Structures are given as structure tokens and as C-alpha cells.
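One letter stands for each residue in the lines below.
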Amino acid sequence: MEYVSFYTQLFLGSRLHLFIPKFSMRLFWTLTLIFLYNGHSSEGVNSTLSARPKIVNVGCMLSFNTVVGKITKVAVEAAVEDINSNPSVLGGTKLNVATLDSNSSGFLGIVEAIRFMETDIMAIIGPQSSVIAHVVSNIANELQVPLLSFAATDPTLSSLQYPFFVRTSPSDMFQMAAIAEIIDHYEWREVIAIYIDDDFGRNGIAALADQLAKRRCSISYKAAMKPEATVDDARDVLVQVALRESRIMVVHTYPSKGLDIFSMARYLGMIDNGYVWIATHWLSTILDTAGPLPPDKKENLDGAITLRIHTPDSELKKKFVSRWSNLTGKAGITGGMSTYALYAYDTVWLLARAINEFFNQGGNISFSKDPRLIEQNSGSLNLDSMSIFDGGKLLLDNIYKVNMTGVTGPYGFTSDRNLFRPAFEVINVVGTGFRKVGYWCNYSGLSIVPPETLYSKPPNRSSSNQQLHSIIWPGQTTEKPRGWVFPNNGRQLKIAVPNRASFREFVGRVPGTTDSFRGYCIEVFTTAINLLPYAVPYKLLAFGDGHNNPEDTELVRLITAGVYDAAIGDIAITTNRTKMVDFTQPYIESGLVVVAPVKQQNSNAWAFLRPFTRRMWFITGVFFLVVGTVIWILEHRLNDDFRGPPSKQVVTVLWFSFSTLFNAHRENTVSTLGRIVLLIWLFVVLIINSSYTASLTSILTVQRLSSPITGIESLVNTKDPIGYQLGSFARNYLIEELGIHESRLVPLNMPEDYAKALKDGPSHGGVAAIVDERAYMELFLSTRCQFSILGQEFTKNGWGFAFPRDSPLAVDMSTAILKLSENGELQRIHDKWLSGIACTSQNTKLEVDRLQLKSFSGLFFLCGLACFLALLIYFVMITCQYCHYYPESESSGGSSRSGRLQTFLSFADEKEESVRSRSKRRQLDATSVRSVDQDASVNGSRIDRSEIYSNRVVSFGESV
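The following paragraphs examine the structure supplied in this document. Here the structure is a predicted model, which is why all the values come from computation and not from measurement.

1. With respect to the overall build of the protein chain
Right, on to step 1. On a plain count of helices and strands, the protein chain comes out with 33 helices and 34 strands.
Right, on to step 2. The buried share among the 960 residues of the protein chain stands at 50%.
Right, on to step 3. Residue pairs at least 24 apart in sequence account for 74% of intrachain contacts in the protein chain once pairs closer than 6 positions are excluded.
Right, on to step 4. For the protein chain, the exposed surface amounts to about 45200 Å²; the carbon and sulfur share of it is 54%.

2. As for the packing of aromatic side chains
Right, on to step 1. This structure, assessed with the given rule, holds 38 aromatic pairs.
Right, on to step 2. Their ring planes at 85° and their centres at 5.5 Å tell us that F525 and F801 sit as a pair that is edge-to-face. Here the residue F525 occupies a position in helix α17 (residues 520-529), and F801 occupies one in the loop between β32 (798-799) and β33 (802-803), the gap between them amounting to 276 residues. Per residue, the accessibility class of F525 equals that of F801, and both read buried.
Right, on to step 3. With centroids separated by 6.0 Å and ring planes inclined at 20°, the aromatic side chains of F780 and F787 adopt a geometry described as stacked.

3. A closer look at helix α20 (residues 614-635)
Right, on to step 1. In this model α20 runs 32 Å from its N-terminal to its C-terminal C-alpha over 22 residues, within 8% of the 32 Å that 1.5 Å per residue would give.
Right, on to step 2. Of all the positions in α20, only M616, T620, F623, F624, V627, G628, V630, I631, L634 and E635 are classed as buried. An end-on view of α20 places all buried positions within 165° of arc, on one side of the element. Seen from the buried face of α20, the exposed residues on the opposite side, beyond 90 degrees, are R614, R615 and F618.

4. Considering helix α28 (residues 825-834)
Right, on to step 1. Restricting attention to buried positions, one finds in α28 the residues L826, I829 and L834. End-on, the buried residues of α28 take up no more than an arc of 95°, which puts them together on one face.
Right, on to step 2. Where α28 is buried, its residues meet α17, β24 (588-589) and α27 (808-822).

5. Remarks on the environment of P474
Right, on to step 1. With respect to the helices and strands, the residue P474 is situated in the loop between β17 (445-447) and β18 (493-498).
Right, on to step 2. Judged by its relative accessible area of 1%, P474 falls in the buried class.
Right, on to step 3. Residues P474 and M270 lie 204 residues apart in sequence; the distance between their C-alpha atoms is 8.9 Å.
Right, on to step 4. Setting aside residues no more than four positions away along its own chain, P474 makes contact with I271, D272, N273, Y275, W277, D302 and G303.

6. Some remarks on the sheet that holds strand β29 (residues 745-748)
Right, on to step 1. Judged by pairing direction, the sheet is mixed, and its five strands sit side by side in the order β29-β28-β30-β25-β31 without closing on themselves. Looking at the sheet topology across the chains shown, the edges are occupied by β29 and β31 (787-790). Adjacent strand axes in the sheet meet at a mean angle of 35° when their direction is disregarded.
Right, on to step 2. Bridge analysis of strand β25 (residues 592-597) against β31 gives four bridges, and the strand direction is antiparallel. Looking at the pairing, P597 lines up with F787 of β31.

7. Section: the pairing of strand β10 (residues 305-309)
Each regular strand carries side chains that alternate between the two faces of the sheet.
Right, on to step 1. For β10, the buried fraction is high: five of the five residues fall into the buried class.
Right, on to step 2. Alternating positions in β10 separate into two faces, I305, L307 and I309 on one and T306 and R308 on the other, with burial throughout.
Right, on to step 3. When strand β9 (residues 276-279) meets β10, the two strands line up parallel, connected through two bridges. Paired with A279 across the strands is T306, a residue of β10.
Right, on to step 4. Two elements, β10 and strand β15 (residues 423-430), share five bridges in a ladder whose sense is antiparallel. The residue of β15 that forms the bridge with R308 is E425.

8. Observations concerning a nonpolar patch on the surface
Right, on to step 1. On the surface, a cluster of nonpolar side chains totalling about 780 Å² of accessible area is made up of F861, L862, L865, F868, L869, L872, F875 and V876.
Right, on to step 2. Position of F875 among the secondary structure elements: in helix α29 (residues 857-885).
Right, on to step 3. Classification of F875 as partly exposed rests on a relative accessible area of 47%.

9. A closer look at unusual backbone geometry
Trans peptide bonds make up most of the peptide bonds, and negative phi angles are found at most residues other than glycine.
Right, on to step 1. Cis geometry marks the peptide bond from G126 to P127; its omega dihedral reads 0°.
Right, on to step 2. Summarising the element assignment, P127 is placed in the loop between β3 (124-125) and α6 (130-143).
Right, on to step 3. The residue R216 is not glycine, and still its phi comes out positive at about 60°.
Right, on to step 4. Positionally, R216 belongs in the loop between α8 (199-213) and β7 (218-225).
Right, on to step 5. Judged by relative accessible area, which is 44%, R216 ranks as partly exposed.
Right, on to step 6. A positive phi angle, close to 65°, is found at D806, a residue other than glycine.

10. Thoughts on the nonpolar core
As a rule of thumb, nonpolar side chains are buried together in soluble globular proteins.
Right, on to step 1. Ranked by internal contacts, the top residues of the largest apolar core, which has 115 residues, are L95, M122, I183, F320, W324, I355 and L395.
Right, on to step 2. Here this core takes 15 residues from helix α14 (residues 339-360), the largest share from any one element.
Right, on to step 3. W484, L758, V767 and F803 belong to the second-largest nonpolar core, a separate cluster that totals 73 residues.

11. Quick look at the sheet that holds strand β1 (residues 55-62)
Right, on to step 1. Read from one edge to the other, the open sheet built from five strands follows the order β2-β1-β3-β4-β5, with strand pairing classed as parallel. At either end of the open sheet lies a strand with only one pairing partner, and these are β2 (94-101) and β5 (165-167).
Right, on to step 2. Sheet topology places strand β4 (residues 147-149) next to β5; three bridges connect them, and they run parallel. What sits directly across from L147, in β5, is F165.
Right, on to step 3. Sitting on the sheet, helix α3 (residues 67-84) touches β1 and β2, and the angle it makes with β2 is about 165°.

12. Points about the environment of L532
Right, on to step 1. Mapping L532 onto the fold places it in the loop between α17 and β21 (538-543).
Right, on to step 2. Considered as a pair, L532 and T815 are 283 residues apart in the sequence and their alpha carbons are 9.0 Å apart.
Right, on to step 3. Among all residues touching L532, those that are not within four sequence positions of it are L809, D812, M813 and A816.

13. Observations regarding the environment of D172
Right, on to step 1. Assignment of secondary structure puts D172 in helix α7 (residues 172-185).
Right, on to step 2. D172 sits in the buried class, given a relative accessible area of 0%.
Right, on to step 3. Put simply, D172 and G204 are 32 residues apart on the chain and 6.2 Å apart in space, counted from C-alpha to C-alpha.
Right, on to step 4. Those residues within four positions of D172 in sequence are excluded, and the remaining contacts are T153, D154, P155, F200, H252 and H281.
Right, on to step 5. Only 2.9 Å separates the side chain of D172 from the side chain of Q175, close enough to count as a polar contact.

Criteria and thresholds
Per-chain numbering applies: the sequence of each chain, read as written, is numbered from 1 onward. With the structure being a predicted model, the display of local features is reserved for residues of pLDDT at least 70 and the display and counting of side-chain atom pairs for 80 or more, all residues being used for whole-chain, interface and lining totals. Calculated side-chain values reflect all of the structure's heavy atoms, with hydrogen atoms and water omitted. Each helix is a run of DSSP H or I of at least 4 residues and each strand a run of E of at least 2, with the numbering of both proceeding from the N terminus. Residue exposure (1.4 Å probe, protein chains only): buried if accessible area is under 20% of the type maximum, exposed if over 50%, otherwise partly exposed. Contact definition: two residues touch when any of their heavy atoms are within 4.5 Å. Every accessible area reported is derived by Shrake-Rupley at a probe size of 1.4 Å, with residue values counting cover from the shown protein chains alone. Centres within 6.5 Å are what make two rings of Phe, Tyr or Trp a pair, Trp counting through its six-membered ring; a difference in plane orientation under 30 degrees is then read as stacked, over 60 as edge-to-face, and the rest as tilted. By this rule, a helix spans an expected 1.5 Å times one less than how many residues it contains. Note that the arc is computed from the directions linking the helix axis to the C-beta atoms. Paired strands are those between which DSSP finds at least two bridges. Comment: axis = line fitted to C-alpha atoms, over the contacting stretch for helices; angle = value between 0 and 180 degrees taken between N-to-C directions. Grouping into patches uses exposed residues only, defined as over 30% relative accessible area, and leaves out salt-bridged ones; the cut-off is 9 Å for like charges and 5 Å for nonpolar side chains (Val, Leu, Ile, Met, Phe, Trp, Tyr). We define a salt bridge as a contact between a side-chain nitrogen of Lys or Arg and a carboxyl oxygen of Asp or Glu at a distance within 4 Å. Throughout this description, the term nonpolar core refers to a set of buried Ala, Val, Leu, Ile, Met, Phe, Trp, Tyr and Cys residues connected via side-chain atoms within 4.5 Å. Definition of a polar contact: a pair of N or O atoms within 3.5 Å, with one able to donate and the other able to accept a hydrogen when the atoms are protein atoms, and with sequence-neighbouring residues admitted only if both atoms are side-chain atoms.

As C-alpha cells, this is what we get:
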């Protein structure tokens, strides 16, 4: 038994039990020894061959008893023939492929692999089965012989665990991504996986589960079948599947088993309306290779969807397809071509190009003994007959570096050693044939155009860009199946209903019963569920004792725990709850509001002052005076209306300022700056006047209520106690979101508790206000006029029905609620339960905020800026005039500052027309002085110039 232990660890690992369930250990090792001694001595392998030999030996492992094995054998032989007929491919070296039949047996596959390893082969094409590939890859890793498989698509055959395993066709990981994208495209959320329970089936379905999880979908039930399952086994599995909720079936199996599954599904009535059957590419292989199927088998597949590996059209592909009938005729087989044949053909070419590059780089076909095998060869196993391929790593590197164009299109590997840009065709089986409804590629997802036309464009995976042609589903319908039904196992949905103590108009238990409820929420639910196109068996269960309002968040948590299947009632949709369950469309809006006592405010003798705040009145009066003063300054030197004695000018400023309020000023403005300032001020006055009039009208004509609390902001800033409904989410919101201390919060249960707490107030053990949802408060206030909602809703919530995450019933119920809203039924139910006798003060209004200064700050700023700029321009202009008319005052160093200032103020106070007249007179005097000087110089007379200047001064004084 020590030999058995060693051999199991070295070659088979933990997977041996998968392949020899029907063989005893003794029979297994007997057959193995027979093959090991079958004409192969320990010295039967040349240790060194020439660098460019005449013949290169390659192994090929296929299952000749399968359709795939037969057609791929033809494709491999055709590829070898084409390569050997072209000396430029291998530089004159011939490729010799030794083919062995694994007979679909894991045990024989292992034996064949061992036999290959005893010869001087450089690589092995195959195996065809993923199950065999798992074990043979361990041997290939040990002996460094590349293993190229075009049919072992198990995604767990990774290059990290099995570095010498080379997958030369798309991995099932991409096929499962395509299926997951189709499921997501049609907005299904759960599927049932039917698969063969071996490495190929389990790992493929595991990859599907990963891809579905990325799209918030899942596998609701895994229906595993043993590899040697009979028709009866398939029936037993499908009976269990039929009892499940999901109607989306994904079948991942072998061609020989797949048709039996569909045949039994037809027998059980599962190929019918409401079902969706998605088969992996085993079905497209049958459709491509088996020829026309019998009508009964074709009928079993009607409406199914399958995938086919996409190979773009090219001249190479057309030529190879045209040869196919001749190739199969020579081989004595019948059947069409599948993508497996195309990839088998390209795999041989891939290996040939890699071998040629191997030789070009100086590689030699040489083998060396494995010291560990020699040390363990103490018995009769003859393990030292197997040798390590010294050039295995170099050949493997060259395989991954090949970049060619084959019959399958551009052929090469990515950095993660997967094929470049895998793509699939989506096939719909219809009637006696099938049709292509679209494509999938990992570059841009689903499309109705070939993927190669999209590679030149940026990838676009938006939902609007994911398209497929219409599909004919089972039952000959083009309407998209819903994808689920209620499980046919007799179980009713357990729906929880809050057993409320207050506000039972929304939901409440019928007295004397345990499972009968009534109210607004209950009627909305029953009306909506009756709109569904299928029956929903359910049972209502009370949650709560009926004496205290239950905690809705705890109710939602019990859905996630599986205690309840759903919950209906007055359940608010909050962020934390949506993380646990899915809610339907809200059927009523209900945000948090503040309710507090209010009192009626009557008009008085000073009501006309209430539209403005004190600050607003003060600033408005100041601006009246400022604008009047600015206008007086700008008009004083030009306008006689703004001149005269000081007392008259003060009265003019006051009159002009306040008369602009009514546009009754009599004084005209003549200066440009004054007119600009007045125009802006009149606009400000117009806005202030209109706002004042509107506010005063509202105050005097509408009955108003007042309260010291104006909304949630003013309530938070106080330290008064705040009431909330017991069991409501308002408590957590006030603490966590608004930062209100827990000690300020007072739980209240009944509407009577609300009214008493508000009437008592904070000073008598009550509350200043209550924070609750609007739906409750509107019902509470309908008969209590002394309270009112203050401010606006500070949250936007709604009520909905809660279901487990990704429940399709939540989607259908949302659609039904929308229908109720559109046809007016939802409003009718609302009026029936919630439209009672309204409070007599329903037409009253709360006192609005008085007009604040901040509402007019922009206008005052513009007006003030205009006044400032006008004064600045005016000051610059008058300074320039002063310097022009009194240049001697600037040059006179002896003049005092007070004198200059007095002169400037006198100049500013003087009318501009007088200044200009005096300036002209001065110019005439200067001209006469110059003429006198000229006469004096000509006549030689000496006239005292000081006298002339004194006369000029005298004349100037007289003019003043």
C-alpha cells in the first residue's frame, strides 16, 4: 500500500476518487502496471536529439465515442496535414501527432497521459474533458510538458495552479458572464442551476454565481446530477426544481445528458409559458454537429436559449468550412462543424508555430530523469521511465507569445493567459431551426452587431446600449416571462402587520380576531395584490401587543432573519431600513414635521408697523435721509430749488427725501449724477412699497396664528422637551442627525398623550412640540385646532411594503401601486379612511416671518454704491473746477489751510453760473492789463504796476 500512497500523492492528488468509483484499488494498479510495462523499458527515451529533427512527436487525447471527439479528431488531422504540406511552417520538420482514445473515462485518461510521458513528446493536445484535465495537469506540471486543451473550459484550470495547462478556447468564466448579463438584461434576479456534479459542472456553476453576484443576482437553487445520472434521476431533480419559485433555468451539462434533461422537462410540463431555459454551449454543439434533430427532440428545445463561441467570418474560415464535407467523408463520419473543430484546428497551428520559434531560439528536444522518481522506484512501478522535458518552459513561453490569425479569427493570449477578446453568439431555438438574436463580448456586453465592429469604438456598457433581438420563449410567446412564481409547495407567505395602539385608521386589528386587519394601509395592500396577474397565498400575522406601538425597524430586521416573508402597514422608508430589505413604491408621502400649540393673533392700532422689522424700518429711514442729502449736494450748485437760506434747504432735503416714497416730490433734478441716483432710489422705493403693501394686506385680512416655535431650527436651539411617537424612527433621527440630547425626548403613545403633553407645555411636565410624520399629524390635527404644523417638512419619506432583498414580488407590487395611483383608486382609498371632519381653523395661517433687512440688502447695497460713486465723481469734478478758477490759491505759500478750505467751501456753495461769469470777467481784466503793459513799454512811461493790480482787485471785489 505504500506504493499506492506515493502514486496517489504524486499524480492524482485529492481527485483520484472522482475517476475510479467503479474500480477497486487492486484492479486500478494492476491495469496501471500493465500499461507501464507495455514495451517501454526505462531506457526507452533518447535523452538528446538534434536541434531541428526531422519529426516532432506530439500527443493528442480525445474521446472518440463522443461527437466532439470525432469532429475534433478530423480537425486535428487536417491541421497536421496542412502544416506538413507547408515546409515553411516548421522549416522542413514534420509534425507527428499520436492520438489516443480516453473513451470519456477519467481512469483511461490518466493511463494515456502516463503512456505519453514515457515517450519523447514535446506537448499534448487535449484532454477533451475538464475532469481529466485536472489530474493530467498535475503530471504535465511535474514533467514540464505543455498541455493544450481546446475543450476543457473549467475556469478553475488556472495558469497559476497549472502553469503548463494552456486553454486554447474561451473559458467558461466568460460564458457564465454572458449568461449573467442576459439575466440582468431581462431584469431577472434569481435562477436555478441544473448541472452535472463533477469538476466541470460544479466549477462552471460557481463561476456563474460569481458573475450573478456582480449584478445583484443569485442562484436560488442548485440542482446537481451525478455524472452517470439516468432519466429517472433527471426526473427526480426536475420535480424538485418545479417546486421552486424561480422559473429561470440554466443547464450546464454534457451533450449526452442535456437532451435527456429537456425531454424530461417537456414530460413534466416545464417547457411552457413562464419558463426560461438557458443552455451553455453544449446545446449549440449538438445543433451544429448532429444535423436535423427528430421532431420530438426539437420540440423539447423550443424557446430555449443557448450560446455559441463566436468566430468572425474570414477567408481562412470559409476555405476550411468548404473542405469540411470532404474531410468528414474521408474519415467516414457524418456531422456538421462546431466551434470545437475550429479551435482544435487552430490549436495545432498554434503549437506548430511555437515549436518553430522554439527551434529558432536554439531549443533542443532533450529529456532528463527526475531524481525523485528514481529514488521512489523501489518496486515494480518502473517510474523512472518518465522523464522531464528540458525545453518545456521555453516551449510554453513561445506558445503564449504566438500572435496569429487562424480560422477562429485573431488568435493570441492576454496577460492573464486567456484568449484575446472572447465572444459568444446568443442563439434562440425556434420551431424546426434556430436563429441568432445577438452577441456578447467582454468588451462591450450584449449587442445586435458582430463584436469585431465594436472594437474600434470606446466600450459602452450602458443599459441603453445592451440590446438583443426579440426572443420567442417557451410556449411560443414573445412577451418576456416574469421569471418566477410562488413555490408550488403549499406554503403561504407570512406577512407581518404592526398591531398598533394608536392611529388605527392606518392599520389596526379587528377586535375579537387574531389575523384580521383593517385600515388604510391594509386596503391599499389588498387592492394592489388583487391587480397581480397571479395568485399570492399569504397569511397576515400581528406584530406587537396592541398596547404599545411596535418598533418598525425591528419588524424589518425580522424579515432579513427569515421570521417573516414580508411586512405591510405604516412602515416608513428610511436609509437604514433599505439596507436590510426592499421596499415597494411609496403609496403615501409622510415626512417629519413639527407640531406645537398656536394662538390667534388679532390686529391692533400699530399693525401697520408689523410688516417690517425694527432694523428694516431704521435702515429704510436712514436711506431716505442719505439719498435726500446726496441729491441736495449734487443739485445745490445747479438747481435753484435746492438753494436758499439754511433753514429752507433743510426743509427741502427732508421733504424731497420722504416725498419720493409716493413719487410726490416737486423739485426737478437737473444734474446727470442726481438723476441717476434718483432713478435707482425710486426703483428701491418701488420694491419696498410693494412688499410693504402685500405684507400689510395679509396681516389685516387673514386670520393668523402665532407660536414662539417657527420650525425645526428654532426647536433645536431651545432646551425644551420634545415629544415623539413611541416606536417611530423620529427618535433616532433627532439624536443622530440633529444632535438633540436624548434627555430632551419624551415618548408618547396615544393621540390623547400628544394633546395633554402639548397643553401642559414644558413648564408643567409637558413638551414644547412634537416631531412626528405628517400622515399621523394631519389625522391628529383634524379635530384639534389649538395645535398646528410649524415650518416645512424637514425629511422626505414615504410608506411602503417591505420584502426580502431582490424579491420579485416587491417589483410587481410597486407596479400595482403605480396603477392604483394612475387610475385614482389610491386617492379614493385615502379619502375613505383619512378624510374626516376638518378643524374649523383650517383656513388660518401661521404668522409668517416679518420682512427682514436681508431680503432687501442687495437693493440697499446698490443704492448706497450709486450714492458713493456719484459723490466721488462730483468731488473730483468740483476739485478740478476749483483748481482751474483759483490757481493762485494753490501757488500761494503764505495762505493758511483754513483759508484755503474756507475758499473751497465758498466755491462749492457758490452757484456754478456765477463762477463761470466771474471767470469770464477775470479773463477780460487780464487782457486789459497786458495791453497797458505794452503801451507803457512803448512810450517809456513808468506806471506803477501795483496800482494796476490794485485796481483789478478792487474791480474783482465790486463784482463780488
